[in-house]
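Residue-level listing of the chains:
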Amino acid sequence: MIRPEFFIEALRQKGIDCFAGVPDSLLKNICAYITDHFDASHNIIAANEGAAVGFAAGHYLATGQPACVYMQNSGEGNIINPLASLTDREVYNIPVLLLIGWRGRPGVHDEPQHVKQGKVTTGLLNVMGVNYEVLSKEEDKAAKQIEKAASALRNNEVFALVIEKDTFDEYKLQNVNVNDLTMTREEAIQTVASALSSKDVIVSTTGMISRELFEARTAWGQGHERDFLTVGSMGHASQIALGIALEKTDRRVWCFDGDGATIMHMGSMAIVASKKPANYIHVVFNNGAHDSVGGQPTVGLAIDLPAVAKALGYSAAFSVSTIQELKSQLSILNSQFSEGPVLIEVKVKKGNRKDLGRPTTTPIENRDALMQFLKK
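This report concerns the structure included in the present document. These figures come from a predicted structure and were not determined experimentally.

**With respect to the overall build of the protein**
Consideration 1: Counting its regular elements, the protein contains 14 helices and 14 strands.
Consideration 2: Across the 376 residues of the protein, 52% fall into the buried class.
Consideration 3: Nonlocal contacts in the protein, meaning residues at least 24 apart in sequence, comprise 81% of its contacts between residues at least 6 apart.
Consideration 4: As displayed, the protein has an accessible area near 16,300 Å², and 50% of this comes from carbon and sulfur atoms.

Dropping the structure here:
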């Protein structure tokens, strides 16, 4: 495997000392090393991958030096627009180094949401005219690939290094951002889910939130037909929930969101507000971190999400940070709920159970069960 310090130092020697992106589990050791060794102006954890490419373009315009954009391959969709209409050689011809974690590589077992993306990862790069190398796990070979990438960047090209599982040696984040909150996300999810009526529907976002909701239902001996577990498509749960809410006006629809997912496509909140779904409740479990992919920080706890929601036109917005406050707010909603959309920010501490499982139903089974439930 490759030592993170070796890899980053090799990039430094090629003039790459600025990074932006969305953390990925396959890149968590590299992301942790970057966080510990670069200041906040040279490591931007972006709202989404496309925004990171935009930042990289701005860095190049200001310095003449390319930046590195890191991401999971699920983020390729977000970078197609800026790759085609900003950095491409036929537009502004701006060099960017892409570091892409290859989840779902064919022949390697992975979760269902990664299978299709894994199949098309390199194909998308080919279609976009982006040359790439699958990074070797041997440092001498990797050094030659980095030189090849640097040569392409000097020619003002975009170049990608595609990263397989277990490419990088372990590196633990030293500058850990720990909040002082006491409520766990799992107990918060259980508290909200147990307060819902039998007709209510939940759309939960990708990552730990869906996993913890699934385990709660299993522990309670309940079925999963009331929950849509958005195991992929990060940042889009709020719009899935909106699509249901506008058609099933006799049911309350709860969107269980995360801070990273909410920030990734925050403009969707404006659309929710503009449609004024009276039956829509948006719950954002905010721990200020991308918890599912290594705990890299978000700006979630540095911004006022209720104020954002109110400014966009949500009918009401609240923030809670203890179980008692959460139960009180849920009691008010259940007894006095008039019209939405309503936002509840639930501030929770980082982390999750080490033995947390994954959904045992397939996405298709989840879809079919929910659709049958919605027909009742």
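Next comes the rest of the description.
**So, the nonpolar core**
Consideration 1: Core analysis: the largest hydrophobic core is formed by 30 residues, its most contacted members being F7, I8, L97, L99 and L161.
Consideration 2: When neighbours within four sequence positions are excluded, L97 is seen to be in contact with L11, I16, A67, C68, V69, A149, L153, F159 and L161.
Consideration 3: Among the nonpolar cores identified, the runner-up in size contains 26 residues, and M183, L229, I323 and I344 belong to it.

**Some points on unusual backbone geometry**
Consideration 1: Here the amide bond leading from G340 into P341 is cis, since omega sits at 5°, within 30 degrees of zero.
Consideration 2: Assignment of secondary structure puts P341 in the loop between α13 (323–336) and β14 (342–347).
Consideration 3: A positive phi angle is found at N93, which is not glycine, with a value near 55°.
Consideration 4: Positionally, N93 belongs in the loop between α4 (76–87) and β4 (96–101).
Consideration 5: A relative accessible area of 25% places N93 in the partly exposed class.

**Side note on α13**
Spacing of three or four residues puts side chains on the same side of an α-helix, whose turn is 3.6 residues.
Consideration 1: For α13, spanning 14 residues, the distance from its first C-alpha to its last is 20 Å, which sits close to the expected 20 Å at 1.5 Å a residue.
Consideration 2: Those residues of α13 that fall on the buried side of the exposure criterion are I323, L326, Q329, L330 and L333. Down the axis of α13, the buried side of the element spans an arc of 130°, and every buried residue falls inside it. Exposed residues on α13 whose side chains face more than 90 degrees from its buried face are Q324, K327, S335 and Q336.
Consideration 3: Taken together, the buried residues of α13 touch α7 (185–194), β9 (253–258), β10 (280–286), β13 (316–320) and β14.

**With respect to the packing of aromatic side chains**
Consideration 1: Summed over all chains, the structure comprises 4 aromatic pairs.
Consideration 2: Between the aromatic rings of Y33 and Y171, the centroid separation amounts to 5.2 Å while the plane-to-plane angle is 70°, which identifies the pairing as edge-to-face. Of this pair, Y33 sits in helix α2 (residues 28–37) while Y171 sits in the loop between β6 (158–163) and α7, and the two are 138 residues apart along the sequence. Just as Y33 is buried, Y171 falls in that class too.
Consideration 3: Measuring from centroid to centroid gives 5.3 Å for F256 and F285, while their planes differ by 75°, and the two rings are edge-to-face. Separated by 29 residues along the polypeptide, F256 in strand β9 and F285 in strand β10 bring together distant segments of the chain. Just as F256 is buried, F285 falls in that class too.
Consideration 4: Across from the ring centre of F373, 4.6 Å away, lies the NZ or CZ of R251, which sits over that ring.

Definitions and cut-offs
Residues numbered from 1 in each chain as written. Predicted model: local features only at pLDDT ≥ 70, side-chain atom pairs only at ≥ 80, totals over all residues. Heavy atoms only, no water. Helix = DSSP H or I, 4+ residues; strand = E, 2+ residues; numbered from the N terminus. Buried < 20%, exposed > 50% of the residue type's maximum accessible area, 1.4 Å probe, protein only. Contact = heavy atoms within 4.5 Å. Areas by Shrake-Rupley, 256 points an atom, 1.4 Å probe, with all protein chains shown as cover. Core = buried A, V, L, I, M, F, W, Y, C linked by side-chain atoms within 4.5 Å. Expected span 1.5 Å × (residues − 1). Arc of directions from axis to C-beta. Phe/Tyr/Trp six-rings, centres within 6.5 Å; stacked < 30°, edge-to-face > 60°. Lys NZ or Arg CZ within 6 Å of the ring centre and 35° of its normal.

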